[in-house]
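# Understanding the architecture of this molecule
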Amino acid sequence: MDRRELIQSGTAAAAGITLLKPLTAFGYRANSAIRHGLLGCGNRGSSVAESFSKNTTAQVVAIADLFPDNLAAGRVRFDKINAGLGRAAIDEKLLFHGPHAFEQLAASPDIDLIQISTPPFFHVQHLEAAVAAGKHVYCEKPVGIDVQQARHALEIAKRVKPTQSVDVGFQCRSAPPIAAIAERIQTGALGKIAAVAGNYNAPASTEKSRPGEGKDEYRLRNWLWDRALSGDILVEQNIHIIDLANWLLGAHPLKATATGGRNVLSHFGDCWDNYQVDFTYPGSVHLSFSSTQFGSDGAFDAGLKLFGSDGSAYSGPVQITGKQAWAWEDSSPAEPGSGKFAANGAFTDNLAFADRNKERTFIDSITSGPCHNQIAAGVETALSCMLGRMAGLTGHEVTWEDLQAHGEIYQLGFSMEQFA
Ligand SMILES: NC(=O)c1ccc[n+]([C@@H]2O[C@H](COP(=O)([O-])OP(=O)(O)OC[C@H]3O[C@@H](n4cnc5c(N)ncnc54)[C@H](O)[C@@H]3O)[C@@H](O)[C@H]2O)c1
């Protein structure tokens with residue numbers, strides 16, 4: 001077994017438990033698991049929670065979901081995972097469903113950490129309850145779908161206690177090749193940046209429906225198509241690339257112009273299927289960003305290219321060309337047609353280990369400190385995406401200040417109590 005296999009295997013996960021300090025400043029005893037409550041038992045939420053279970057000392061002890069069928073599926077999945085790891089099944093009293101499930105989960109004294117994996121519209125509401133209850137929080141991106149929610153999140157950020165850790169789900173920053181190239185770019189390996197190009201082209205999501213459901217339930221289950229629930233593709237999905245651009249450039253965009261629309265998607269919803277955005281960063285550095293959701297052939301292409309006075313970087317194979325040439329050491333030819341995110345050889349893709357590393361760093365912050373508070377950084381990236389969205393929807397240039405003053409506000413337009 002090589003080092004990488006060892007890290008990936010359950011052996012390493014089990015070893016991780018015994019490596020905890022005997023009693024940390026944060027009160028977690030050696031061998032005691034972080035009691036993990038999953039809010040939103042869907043695709044991403046369940047796979048992140050499973051990854052936490054397999055790669056860290058966190059143990060899913062509670063789950064919550066709006067819909068009973070999704071909760072039931074989550075229960076089956078995590079009982080199986082827990083059994084495989086020699087852990088107890090989820091206690092009946094720690095299964096919550098309905099519109100108040102997030103409050104019940106937050107009120108439970110049997111949970112240390114809440115993972116928020118609900119549709120974006122609810123993130124800030126759910127974050128508020130989890131932070132107020134003193135839980136550690138892993139909140140999926142985006143932190144807010146409009147300016148009002150973003151402001152609210154910044155208020156919540158101030159209430160996070162020094163002993164509480166809050167992470168936002170930007171796992172790409174934790175991918176080893178991306179972290180390594182970022183360090184080089186941030187310390188000037190490309191010289192003066194001339195321009196940046198980014199793209200996020202992905203297949204459209206497929207319909208989820210259930211017999212007899214009403215229109216609000218249909219909307220909630222197909223939240224990816226709905227701008228109020230998701231924030232649109234720029235804010236919900238493309239945010240990963242815009243987050244990397246902000247991180248690598250060390251700033252948020254100052255203004256944006258954009259176009260886009262709905263050319264191929266004809267199903268329910270108001271999210272666009274393409275955006276072309278020109279973001280201006282400090283120093284007149286432009287990020288030319290294009291995004292498309294198209295067809296269903298599974299092809300996927302997302303990346304960022306930076307061009308500087310001394311070289312260029314990052315897209316496909318993670319590498320720097322030019323004066324300070326560098327390549328991720330595991331680079332080798334990609335599997336043709338693998339559909340992976342910028343596939344790059346021995347690492348099956350650039351994001352291999354991104355989740356695992358992100359989760360381990362977060363759990364370390366809880367058990368050993370220092371605690372994280374990533375809310376404000378998450379808000380900055382979400383606002384950057386909203387800037388592009390507003391420029392596209394209004395059809396004219398929007399500055400950071402315009403966004404703060406006139407950013408659009410989204411409402412659900414129905415009561416969640418009908419799902420009680
Ligand atoms: N970091 C990443 O790479 C990444 C990738 C995919 C999705 N995401 C994010 O993860 C989140 C979840 O995405 P997903 O793909 O798992 O979606 P999903 O639709 O598969 O799951 C969402 C779940 O939340 C439940 N839900 C809806 N409203 C709720 C409410 N008010 N209270 C409690 N439960 C509610 C749904 O019933 C469903 O089970 C989204 O915010 C999405 O943007 C992140």
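About the cut-offs
Residues numbered from 1 in each chain as written. Predicted model: local features only at pLDDT ≥ 70, side-chain atom pairs only at ≥ 80, totals over all residues. Heavy atoms only, no water. Helix = DSSP H or I, 4+ residues; strand = E, 2+ residues; numbered from the N terminus. Buried < 20%, exposed > 50% of the residue type's maximum accessible area, 1.4 Å probe, protein only. Contact = heavy atoms within 4.5 Å. Areas by Shrake-Rupley, 256 points an atom, 1.4 Å probe, with all protein chains shown as cover. Expected span 1.5 Å × (residues − 1). Near = heavy atom within 4 Å. Polar contact = N/O pair within 3.5 Å; in protein donor to acceptor, adjacent residues only side chain to side chain. Nonpolar A, V, L, I, M, F, W, Y, C, P; charged D, E, K, R; others polar. Core = buried A, V, L, I, M, F, W, Y, C linked by side-chain atoms within 4.5 Å. Phe/Tyr/Trp six-rings, centres within 6.5 Å; stacked < 30°, edge-to-face > 60°. Pairing = 2+ DSSP bridges. Axes fitted to C-alpha atoms, helices over the stretch in contact; angles between N-to-C directions.

## Topic: the overall build of the chain
Check the secondary structure of the chain and you find 15 helices and 15 strands. The buried share among the 420 residues of the chain stands at 54%. Pairs at least 24 apart in sequence give 71% of the contacts found in the chain among residues at least 6 apart. Total accessible area on the chain stands at roughly 17,600 Å², and carbon and sulfur atoms take up 53% of it.

## Points about helix α7 (residues 147-159)
Here α7 is 13 residues long and its end C-alpha atoms lie 19 Å apart, about the 18 Å a rise of 1.5 Å per residue gives. Those residues of α7 that fall on the buried side of the exposure criterion are V147, Q149, A150, A153, I156 and A157. Buried residues along α7 sit against α6 (123-132), α14 (375-394) and α15 (400-406).

## A closer look at the site of the ligand
Close contacts around the ligand come from 27 residues, with R44, D65, Q171, W223 and E236 the closest. Taking E140, its side chain carries an N or O atom lying 3.1 Å from a nitrogen atom of the ligand. At a separation of 2.8 Å, an oxygen atom of the ligand approaches a polar side-chain atom of Q171. When the free accessible area of the ligand is taken as 850 Å², the share hidden by the protein chains comes to 90%. When residues of the shell around the ligand are traced back to their parent elements, those giving at least two are α3 (43-55) and α6. Of the residues forming the shell around the ligand, the biggest block, 3 residues, is contributed by α3. Residue composition of the shell around the ligand, grouped by class: 9 nonpolar, 12 polar and 6 charged.

## Some thoughts on the nonpolar core
Side chains of a nonpolar character, in soluble globular proteins, are inclined to be buried together. Of all hydrophobic cores here, the largest spans 95 residues; its most connected members are I63, L127, F279, F289, L304 and I375. With 9 residues, the top contributor of residues to this core is α14. Sequence-distant contacts of F279, defined by excluding residues within four places in its chain, comprise I242, P253, K255, A256, V285, H286, L287, F289, S384, L387 and G388. Counting residues in hydrophobic clusters, the runner-up holds 14 residues, among them F122, L220, L229 and F419.

## Observations concerning the packing of aromatic side chains
On inspection of all chains with the given rule, the structure shows 8 aromatic pairs. Each ring, one from Y218 and one from F268, has its centre 5.5 Å from the other, and the planes form 75 degrees; the classification is edge-to-face. Highlighted residues: Y218 in helix α9 (residues 215-221) and F268 in the loop between β8 (255-261) and β9 (274-281), separated in sequence by 50 residues. By relative accessible area, Y218 is classed as buried at 18%. For F268, a relative accessible area of 33% translates into the label partly exposed. Taken together through their ring pairs, the aromatic side chains of F52, Y138 and F362 make up a single cluster.

## Looking at the pairing of β9
Of all 8 residues in β9, 6 are buried; the element is thus mostly enclosed. Pairing geometry for β8 and β9, over 7 bridges, is antiparallel. Looking across to β9, one finds that A258 is bridged to V277. The pairing of β9 with strand β10 (residues 285-294) spans 8 bridges and is classified as antiparallel. Looking at the pairing, D278 lines up with S288 of β10.

## Details of the sheet that holds β8
For sheets, the rule is that strands pair by backbone hydrogen bonds, running either parallel or antiparallel. If you walk across this open sheet you meet the 9 strands as β14-β13-β12-β11-β7-β10-β9-β8-β15, and the pairing is mixed. A strand with exactly one partner marks an edge of an open sheet, and here the two such strands are β14 (326-327) and β15 (398-399). Here strand β7 (residues 193-203) runs beside strand β11 (residues 301-308); their pairing, made up of 8 bridges, is antiparallel. Each bridged residue has a counterpart across the sheet, and for V196 the counterpart in β11 is L306. Packing of helix α12 (residues 239-249) onto the sheet brings it into contact with β7, β9, β10 and β11, and relative to β11 it is tilted by some 20 degrees. Contacts from α14 reach β8, β9 and β15, with the element oriented near 60 degrees to β8.

## A look at unusual backbone geometry
Backbone torsion omega between K141 and P142 reads -10 degrees, so that peptide bond is classified as cis. When you line up the elements, P142 lands in the loop between β5 (136-139) and α7. Even without glycine at this site, D232 takes up a positive phi of about 85 degrees. Relative to the helices and strands, D232 resides in helix α11 (residues 232-236). Despite not being glycine, S284 shows a phi value in the positive range, around 55 degrees. Among the secondary structure elements, S284 is positioned in the loop between β9 and β10.

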